[in-house]
Amino acid sequence: MINTKNVVIQDIAYSLIIIISLGWLLHIGSSLIIPFVFAILLAVFLYPIEKRIRKIVKWKGVSILLSFICLAIPFLIITTLFSYQLVSIIESLPSINDSMLLGIDKILAKINRLLPFMDLDSDTLLGSGEGTQDLQGPLKFIGQGLLSTTGIIAALGMSILYSFFLLYYRNSFKNFIVYQFEKSSRMDIKETLSEIKETIQSYIGGLGIVIIILSVMNSIGLTLIGIEYAIFWGVLAGMLAIIPYIGTLLGGLLPFVFALATTDAQWQPIAVVVYYLFIQQVEGNFITPKIVGDKVDINPLFAIIALVFFGTFWGIAGIILALPIISIVKIVLTNFESTLPYAILMSSDISNKKGIFKRIANQK
């Protein structure tokens, strides 16, 4: 007689071994895996563009290169505009240092009047005697980013190279995956691959539209508030929306500090904070759900777990990739009877599926 308890313990043990092994592989192989995952997403996203170009240009290699160029042109334009704006902002940082300190002192004085027991002062928060160095953090961060440019360019180059060959040999890769399964399951595998492709395309395309909408809204709002370089800060915050949940708020932190240092009116930094909190709510509850749709059907708990898990091993790249990866995992789990309960548990409308697990268990 089979001991059910031992079987459950064995299943848990196997699952833990798989998770630990996966985490170890993700950690030691990050330099190889991250560019390849980005390459897969890029290749899937470019596929419809390449397919349309291929109707005009018959050579596959040329059509793939043209699809990359179509994507690169707007990216190069935005990067060029950002570079000019960023240089101007960096040059002005030393001159606005004292102004920012005065702004911080005024805010702390108001907080101390409202909450006397806190007794806050700028020397305690910023470090005694280091007032003139308080902007060195952002400058060092920018410097470190420049030092790591070589690594970023190398990873970007590898991703583009991987994407090119993934597009070039896409039919071979697809057939290889399909024919690893029994004949009776091959149609389901094709549907699964098609669903994964649609999810990736919808997510990346929808995220691009969200970034554009947020960039416009942020730029308009900051212009009305009277913040210098409003378009730069607005577009930067829009692009940070690629980081789920916290990207928009992070994008609001930088213009808040800048407003604190450069504006005379005390209401403007506060207005920046209030405006970005409003934008965060609009983006999270209306813009992203309506545009991205239900393709990324993951409940917040598993989304946060994915963000923490991949962010721990891969940093910012892991946070960016977390939602697409966990969405693909859910699609794969959905298409196998043995893993269907896990997929249902990850879905966003799990609270509305009362008795679903009981019905699945009774069908076995």
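Structure: above.
Figured I'd write up the structure that's included with this text.

When helices and strands are tallied, the protein shows 16 helices and zero strands. Considering only intrachain contacts with a sequence separation of at least 6, the fraction spanning at least 24 residues in the protein is 66%. Split by element, the accessible area of the protein, about 22600 Å² in all, is 70% carbon and sulfur.

Per the stated rule, a full pass over the model turns up ten aromatic pairs. Judged by centre distance (6.1 Å) and plane angle (15°), the rings of Phe164 and Tyr168 are stacked. Separated by four residues within a single helix, Phe164 and Tyr168 lie in helix α7 (residues 149-168), roughly one turn from each other. Classification of Tyr168 as partly exposed rests on a relative accessible area of 33%. Three or more aromatic residues joined by ring pairs form one cluster here, namely Phe164, Phe165, Tyr168 and Tyr169.

Its location among the elements puts Ile243 in the loop between α10 (230-239) and α11 (247-262). For Ile243, a relative accessible area of 9% puts it in the buried group. Between the C-alpha atom of Ile243 and that of Ala322, which follows or precedes it by 79 residues, the distance is 9.5 Å.

Attention now goes to α10. Counting buried positions over the ten residues of α10 gives eight, a clear majority of the element. Of the positions making up α10, those classed as buried are Ala230, Phe232, Trp233, Gly234, Val235, Leu236, Ala237 and Gly238.

Turning to the packing of helix α13 (residues 300-314) against helix α14 (residues 316-334), a few remarks are in order. At their nearest, the axes of α13 and α14 sit 7 Å apart, and the two run at 140° to each other. Considered as vectors, α13 and α14 are oriented oblique to each other. Taken as a pair, α13 and α14 cross one another with a handedness that is right-handed. Contacts from Ala303, Ala306, Leu307, Phe310, Gly311 and Trp314 of α13 reach α14 at Ile316, Ala317, Gly318, Ile319, Leu321, Ala322, Leu323, Ile325 and Ile326. Partitioned by chemical class, the residues of the contact of α13 with α14 number 13 nonpolar, two polar and no charged.

The N-to-C vectors of helix α2 (residues 30-54) and α14 enclose an angle of 45°; their axes lie 11 Å apart at closest approach. In this view, α2 runs oblique relative to α14, as classed from their interaxial angle. The crossing of α2 and α14 is left-handed. Counted together, Ile34, Val37, Phe38 and Leu41 of α2 and Ala317, Ile320, Leu321, Pro324 and Ile325 of α14 form the full contact between these two elements. Split into classes, the residues belonging to the contact of α2 with α14 amount to nine nonpolar, no polar and no charged.

Bringing the nonpolar core into the picture now. Judged by nonpolar contacts, the single largest core of 27 residues is most densely connected at Ile298, Phe310, Trp314, Leu321, Ile325 and Ile326. Only α2, α9 (186-225), α13, α14 and α15 (340-346) provide two or more residues apiece to this core. Examining the composition of this core, we find that eight residues originate from one element, α14, more than from any other. For Leu321, the contacting residues outside a window of four places in its chain are Ile34, Val37, Phe38, Leu41 and Trp314.

A surface patch of positive charge is lined by Lys51, Arg52, Lys55, Lys174, Lys190 and Lys197. At the level of secondary structure, the elements contributing two or more residues to the positive patch comprise α2 and α9. Judged by its relative accessible area of 31%, Lys197 falls in the partly exposed class.

Rules used in this analysis
- Residues numbered from 1 in each chain as written.
- Predicted model: local features only at pLDDT ≥ 70, side-chain atom pairs only at ≥ 80, totals over all residues.
- Heavy atoms only, no water.
- Helix = DSSP H or I, 4+ residues; strand = E, 2+ residues; numbered from the N terminus.
- Contact = heavy atoms within 4.5 Å.
- Areas by Shrake-Rupley, 256 points an atom, 1.4 Å probe, with all protein chains shown as cover.
- Phe/Tyr/Trp six-rings, centres within 6.5 Å; stacked < 30°, edge-to-face > 60°.
- Buried < 20%, exposed > 50% of the residue type's maximum accessible area, 1.4 Å probe, protein only.
- Axes fitted to C-alpha atoms, helices over the stretch in contact; angles between N-to-C directions.
- Parallel < 35°, antiparallel > 145°, perpendicular 65-115°, else oblique.
- Left-handed = near helix turned anticlockwise from the far one by under 90°.
- Nonpolar A, V, L, I, M, F, W, Y, C, P; charged D, E, K, R; others polar.
- Core = buried A, V, L, I, M, F, W, Y, C linked by side-chain atoms within 4.5 Å.
- Patch = residues over 30% accessible without salt bridge, like charges linked within 9 Å, V, L, I, M, F, W, Y side chains within 5 Å.
- Salt bridge = Lys/Arg side-chain N within 4 Å of Asp/Glu carboxyl O.
- Lys, Arg positive; Asp, Glu negative; His and termini not counted.
- Charge placed at Lys NZ, Arg CZ, Asp CG, Glu CD.

Keep in mind these values describe shape, not function.
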